[in-house]
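Report on the structure
Okay, here's what each chain looks like letter by letter:
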Amino acid sequence: MKRKSVTIASALAVAVLVAVCLGPTASAFAGDQLTIVSWGGAVQAAQRKVFFEPFTNKTRMKLTEGEYSGEVAKIRAMVESKSVSWDLVSAGPPPILPLCDQGLLETIDWKKLGLDRAKFGEPGKFDCGVPQGGSATVVAYDKDKLPNGPNTIADLFDTKKFPGKRGLWKNPYPNLEWALIADGVPKEEIYKVLKTPEGVDRAFNKLDTIKKDVIWWTAGAQAPQLLADGQVVMTMAWNGRITAANKDSGKHFAIMWDAAQGNLDYWVIPKGSPHLDEAYKFMAFAASGQAQADFTRYFSYGPGNRDGLALVDPGVLPDLPNTPEHDAIALHKDHAFWADKGDELAQRFTAWLTK
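Keep in mind the model is a prediction, meaning the values are calculated, not measured.

**Considering the packing of aromatic side chains**
For the structure on display, the rule yields 24 aromatic pairs. Relative to Y68, the ring of W39 lies with its centre 5.2 Å away and its plane at 35 degrees, an arrangement referred to as tilted. Here W39 is found in the loop between β1 (33-38) and α3 (41-59), whereas its partner Y68 is found in the loop between β2 (62-67) and α4 (72-80), with 29 residues between them in sequence. Relative accessible area serves as the criterion here: at 5%, Y68 is assigned to the buried category. In this structure an aromatic cluster arises from ring pairing among F51, F52, F55, W267, F282, F285, F295, F299 and Y301. Of note, K211 hangs over the ring of W352, and the distance from its end group to the ring centre comes to 4.4 Å.

Listed below in structure tokens is the structure:
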């Protein structure tokens, strides 16, 4: 017993010595940790530079990254099985709206967060997430090959004026909305029309006119690659991927902003996260105006925090989707419509692809 006591005492002495030598870093890493899941690629690389690494350096928390492709079913499965291993997820509506309604995401306590909810505008009214920034689904093309356009959504569907393949995201939105716009429906009436069976038929009939000229993509990095390889003359794309291709690979791609459909990302916390307090600390850091403005230096997400927009480098503003100029000609997604009709239209879209 005496030898065992000496051994325990020695071990405790060593532990104390290590703690003293390493200081607060050791205790922080022992207790504080986060698993954050995002979209991978250029988006996550920018998040790493602006959010993840500075936050880790500031707080000494251990941060583990994960990647996914927006499969909210994984969040549902974790929460329902009470085996939550993701503390924070970068996600966007409409898929996360039902998760919030069903109690599968933590309700944000803005007082605990320490940020002014009003600074986040209409998106800040979502109860289960903190706006981190917005991208847009746009039409992109290579200026070296098409110096004069396209200029409107109608051009995407005009194979006589712009012959060649088009790249489209293998997803019902915004394909259905854009089809209706190309067919003459005003932007402000899109969802009124799409709520009717006749409107849905009209959208699919318009998509039929270019179906044989489409190359479908499923991951954001594919869109600029299709342009770079010359497989398409224009493509639906996420604006940040196009700006990144120009900056990082010396491309001369251009964005056509007509009817760009905004995509807002939130930081959400799966219900039952084992590191709730740490998740709040990260969100408070990443959703600050300065951090969101800094993010635009690496990736063209428009800041979700209005304070951030005022801090953005003026040279970056033309690349952002939520400037007043771009917002004026944008197509504003009806998230409630897609939350309600998304599954139904996705099934029809999948069936249409196989015809």
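**Some words on the layout of surface pockets**
Any empty space left between the atoms is revealed when a probe the size of a water molecule rolls over them. Its boundaries defined by the atoms lining it, the largest pocket holds a volume of some 1200 Å³. Lining the largest pocket are 44 residues; nearest its centre among them are S69, P95, W169, N171 and Y173. Residue assignment for the lining of the largest pocket shows that the elements contributing at least two residues are α3, α12 (239-249), β8 (253-268) and α17 (335-353). Here the element with the most residues in the lining of the largest pocket is α17; it accounts for 9 residues. Class assignment of the residues belonging to the lining of the largest pocket gives a composition of 23 nonpolar, 13 polar and 8 charged. Estimated volume of the second largest pocket: approximately 920 Å³.

**Describing the pattern of salt bridges**
With the rule as written, the count across this model stands at 14 salt bridges. A salt bridge links D213 to K212; its shortest N-O distance comes to 3.4 Å.

Definitions and cut-offs
- Residues numbered from 1 in each chain as written.
- Predicted model: local features only at pLDDT ≥ 70, side-chain atom pairs only at ≥ 80, totals over all residues.
- Heavy atoms only, no water.
- Phe/Tyr/Trp six-rings, centres within 6.5 Å; stacked < 30°, edge-to-face > 60°.
- Helix = DSSP H or I, 4+ residues; strand = E, 2+ residues; numbered from the N terminus.
- Buried < 20%, exposed > 50% of the residue type's maximum accessible area, 1.4 Å probe, protein only.
- Lys NZ or Arg CZ within 6 Å of the ring centre and 35° of its normal.
- 1 Å grid on protein atoms, 1.4 Å probe; cavity = no way out; pocket = protein on both sides within 12 Å on 5 of 7 lines; lining within 4 Å.
- Points joined across faces, edges and corners; volume = space filled by probe spheres on them.
- Nonpolar A, V, L, I, M, F, W, Y, C, P; charged D, E, K, R; others polar.
- Salt bridge = Lys/Arg side-chain N within 4 Å of Asp/Glu carboxyl O.

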